[in-house]
Amino acid sequence: MTATEQASGSAPSLGRLVGRAGSSVVGPASSLMAATVTTSLLGLVFWAVAARTYDTAEVGRASAVISAATLLATLAQLNLGNVFGRFLPAARERQRAFVGRGTGVVVGLALALGAVYALLPVSDPLLEGVAEGVTFPLLVAVLAVFALQDLVLVAVGRATWVPVENLFFALAKLGLLVAVAPLVPRGGIALAWVLPALLAVLVVSAGLLPGVVLGRPGRGPVGGVLPTPRTLRESVAGEYLTGLVSTAVPFALPLLVVHRLGLEANAWFSLPWMAATALNLLLWNIASAMLVRGAERAHASGGSTATAVTGHLTRSSLQLALAVATSGALALWLGGDLLLSLVGAEYVEQSRWMLRLAATAAPATAVIVVWTTRARLQHRMVAMVVVQSLLGGATLGGAALLLGPLGITGVGVAYLGTQAVAGALLLPGVLRACRDDQDSRGEQDGEPV
């Protein structure tokens, strides 16, 4: 059985959709998407159980705490997952040192950001007591490394481990929630979330990465090649600025809802936003696979990643992204009410249109994701930062304006509007890239893209 088939039962049909040459994108993308779907579905079950065992205000508080920690963890990662995706395939025997230095920086920054946040007045409605304030930086650090390790596994060709790790995480946190709910009436939700993540980090760090981060077989100089300091600085700076905006916005919005509308409103907002964010994560899973494939192709051919991102790679990635985005949006439209009713009837009434509007934006997001990945591979960091900054600013600004008159539905309106406009503006360039024939020799000689 292939890695693609192991990762997802639907992978063969997706493979036929994008064609034989796109299969190397579908394989790791399917593993990542399987992990995202598993984590998201069991995550919804997790919050459904939490909503039935804790009062609404505590669910809203826990959701905001985890959103804040995830936001800070994302910032602490410096978007190094994409840096690893671009450069680890060529690093070979130097992969372990590269990953170790990057992870050390991420942990240190995560602890610092978590400590600063815990000391600021903005944390007062969320963190209760000295114990939560002291442990919050640890929560940030664990979540940062947990997310970063998934991308490292993809970059070194071990994407099929990602759904295994995430399935363990999802089941363990659900079981722990059931166990601690009667014992820890305040803070039990966050505790059930972080302990399985910590265990997963320790298991992967001690038992898996030492055995696989040893340099993938392939052509290239003995000892591996790392980027020049200038290229690395430019990549890290561009990735950090992009991640600061594009990844922070989904986690900043719940905090905006809390401070404008209160904890109960955030409970109604968090579930539809979590579902929409999970759909977007599927699209970024495809981007990660596209990024690694472009870097591998460049390493194997001795060229640069700028020449490796071909029309065929773009086309197959766009087809897969649009298929996932469209089917996911339809599923949320048709099954959204049922999904929300698992938590309670009030969630259906309060959250329905927020979920539908956010889901409708998915096809436009697919175009943005593919365009961004091409820009990343071609080292067009300035253009990438500008586009993501405009997107993030427009989304947050629109949400701030519409929260008052429309409530949480206003966030959905602002999000759909900005994604649709950006997708329409970027689509012509992506379609032109899909018609790029510079990969024709690769298709002629049978080389998979």
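## Re the confidence of the model for the protein chain
So, step 1. With 81% of its residues at a pLDDT of 70 or more, the protein chain shows a mean pLDDT of 78.
So, step 2. Across the protein chain, helix H18 (residues 409-434) holds the top mean pLDDT of 92, while helix H1 (residues 3-7) sits lowest at 35.
So, step 3. Long-range and interchain partners of residues 214-223, a stretch whose pLDDT sits below 50, account for 23 contacts in this model, where long-range means more than four residues apart.
So, step 4. This stretch, residues 437-449, has a pLDDT under 50; its non-local contacts, to residues over four places away or in other chains, come to 25 contacts.

## Quick word on the environment of lysine 173
So, step 1. Relative to the elements of secondary structure, lysine 173 occurs in helix H8 (residues 161-180).
So, step 2. Distance in space between the C-alpha atoms of lysine 173 and leucine 195 is 7.5 Å, their sequence separation being 22 residues.
So, step 3. Sequence-distant contacts of lysine 173, defined by excluding residues within four places in its chain, comprise Phe46, Ala192, Trp193 and Pro196.

## Things to note about the packing of helix H16 (residues 362-377) against helix H17 (residues 381-406)
So, step 1. The geometry of H16 relative to H17 is characterised by a closest axis approach of 8 Å and an angle of 150° between their N-to-C directions. Classified by the angle between their axes, H16 and H17 sit roughly antiparallel to one another. Crossing of H16 over H17 shows left-handed handedness. Between H16, through Ile368, Trp371, Thr372, Ala375 and Arg376, and H17, the contact on the second element is made entirely by Met381, Ala383, Met384, Val387, Gln388 and Leu391.
So, step 2. When grouped by side-chain class, the residues that make up the contact of H16 with H17 number eight nonpolar, two polar and one charged.

## Concerning the side chain of threonine 418
So, step 1. Within the secondary structure layout, threonine 418 lies in helix H18.
So, step 2. Residues in contact with threonine 418, not counting those within four places in the same chain, are Leu391, Ala394 and Thr395.

## Notes on the nonpolar core
So, step 1. In terms of nonpolar packing, the biggest core is built from 120 residues, with Trp47, Phe136 and Ile189 touching the most fellow members.
So, step 2. Sort the elements by how many residues they give to this core and helix H12 (residues 263-301) lands first, with 15 residues.
So, step 3. Excluding anything up to four places from it in sequence, phenylalanine 136 contacts Val65, Ala68, Ala69, Leu72, Gly114, Tyr117 and Leu127.
So, step 4. Counting seven residues, the second largest nonpolar core, distinct from the first, contains Leu32, Leu153, Val154 and Ala159.

## Notes on H16
So, step 1. Spanning 16 residues, H16 covers 23 Å between terminal C-alpha atoms, matching the ideal 22 Å at 1.5 Å per step.
So, step 2. Taken across its 16 residues, H16 has 15 buried, putting it largely inside the fold.

Thresholds applied
Residues numbered from 1 in each chain as written. Predicted model: local features only at pLDDT ≥ 70, side-chain atom pairs only at ≥ 80, totals over all residues. Heavy atoms only, no water. pLDDT = per-residue confidence, 0-100. Helix = DSSP H or I, 4+ residues; strand = E, 2+ residues; numbered from the N terminus. Contact = heavy atoms within 4.5 Å. Axes fitted to C-alpha atoms, helices over the stretch in contact; angles between N-to-C directions. Parallel < 35°, antiparallel > 145°, perpendicular 65-115°, else oblique. Left-handed = near helix turned anticlockwise from the far one by under 90°. Nonpolar A, V, L, I, M, F, W, Y, C, P; charged D, E, K, R; others polar. Core = buried A, V, L, I, M, F, W, Y, C linked by side-chain atoms within 4.5 Å. Buried < 20%, exposed > 50% of the residue type's maximum accessible area, 1.4 Å probe, protein only. Expected span 1.5 Å × (residues − 1).

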